Structure formats: structure tokens, C-alpha cells
Amino acid sequence: MEYALDPKHDPACIFCRIVRGEAPASIIAETAQAVAFMDVNQPTPGHVLVIPRDHHVYLYDLDAATATGVFGLTTEVAKAVKHSLQPDGLNLFQANEVAGQQEVWHLHVHIVARYTGDRDRIRFGWRTELPPRSELDHLAKTIRSAMPG
Ligand SMILES: [Zn+2]
């Protein structure tokens, strides 16, 4: 499948569809520049994605305001995950299609809560199915409740 690398907008992109409200996701927070949501597998509870509203593929293509918005929201969500779910640690990573072996090109930051004893689980028992929407909604609500404002 080929993707049109329109820097602003790719109508086929699942994350653009989430931003437009055309695809389901458990939204945690939205700002003018970024959206934080859960629509991915939960290898550990608290796996959140933060994306720019506009379709960008590479970090170096973000303007200063968008970059600040994405990482500001990422930081707020990370604090809320820490406060509400109280994981033992938190990993942050980003990968685009080639490195990530996935089909979403829309730039996205992964926030992954880490728990003691998860090493083997992450290595051998990575949960591959999408949890029920109700589970994601509950987690999103829990994290959202720990955010300022
Ligand atoms: Zn997109």
C-alpha cells in the first residue's frame, strides 16, 4: 500500500481519521497542536499515543509550535500516567513505518508505562489484540482525571 506523503493531510491515514473523529479512539486530551489517545494494544496498561493534529511523518518536519505542542502534551500525559496508574517507570519512543514494522506513517510518540516484572511479559507475551473499547475508555478516563484543567 502506498501512502501519499502530503505533509498536511493524508485522507487514508488512520490517525488523521481519529483526529477528524471518523475512527474510534479513547481520547485523553486534545490541544490546538496535538491529540493524546489510546487505540493501540496495551502490552502494559497505560500505553498512550501522542500525535500532531496535522499529518507529519518526520520529527524534523514539525514547526516549532507543533513540536512544542506535541512534546508539551506528551509531558502532561506522562505525568498523569505516573500519578494515576503509578507505574514503576515510563518509556518513551517513536518510530515511523520502516523502523516500526507498522503501516501508520503519521508521526506518533508512544508513552509506555512500565511495571516491575514486565520484562518477560514485554519480551514474550506482548499482547497483540486490541482490548475492548470499554477498557481503553476506562484507562483514558483514569489518566485524564489526573491532568490539570
Ligand atoms: Zn495522518
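Residues numbered from 1 in each chain as written. Predicted model: local features only at pLDDT ≥ 70, side-chain atom pairs only at ≥ 80, totals over all residues. Heavy atoms only, no water.

**Focus on the confidence of the model for the protein chain**
Averaged over the protein chain, the pLDDT score is 83; the fraction of residues at 70 or greater is 77%. Across the protein chain, element-level confidence peaks in helix 2 (residues 64–85) with a mean pLDDT of 96 and bottoms out in helix 4 (residues 118–124) with 55. (pLDDT = per-residue confidence, 0-100. Helix = DSSP H or I, 4+ residues; strand = E, 2+ residues; numbered from the N terminus.)

**Structural notes on the pattern of salt bridges**
Inspection of the entire model under this criterion finds 2 salt bridges. The residue E22 makes a salt bridge to R20 at a minimum N-O spacing of 3.0 Å. Among the residues examined, R20 registers a relative accessible area of 33% and is labelled partly exposed. Notably, a salt bridge pairs E30 with R53, separated by 2.8 Å at the nearest N-O pair. Placement of E30 in strand 1 (residues 26–30) and of R53 in the loop between strand 3 (48–52) and helix 2 is noted, with a sequence separation of 23 residues between them. Its relative accessible area of 47% is what places E30 among the partly exposed residues. Judged by its relative accessible area of 25%, R53 is partly exposed. (Salt bridge = Lys/Arg side-chain N within 4 Å of Asp/Glu carboxyl O. Buried < 20%, exposed > 50% of the residue type's maximum accessible area, 1.4 Å probe, protein only.)

**Looking at the coordination of the zinc ion**
For the zinc ion, the protein coordination sphere consists of C13 (SG), C16 (SG), H55 (ND1) and H106 (ND1), at 2.0 to 2.3 Å. In this structure, the zinc ion is coordinated by 4 donor atoms arranged in tetrahedral fashion, with angles at the metal of 107 to 117 degrees. Spacing between the donor residues of the zinc ion along their common chain follows C-x2-C-x38-H-x50-H. One end of the pair, H55, is in the loop between strand 3 and helix 2; the other, H106, is in the loop between helix 3 (97–100) and strand 5 (109–114), with 51 residues separating them in the sequence. You'll find H55 and H106 in the same group, each marked buried. (Donors = N, O, S within 2.8 Å, 3.2 Å for Na, K, Ca; no water. Tetrahedral: all angles 85-135°; square planar, octahedral: opposite > 155°, others 65-115°.)

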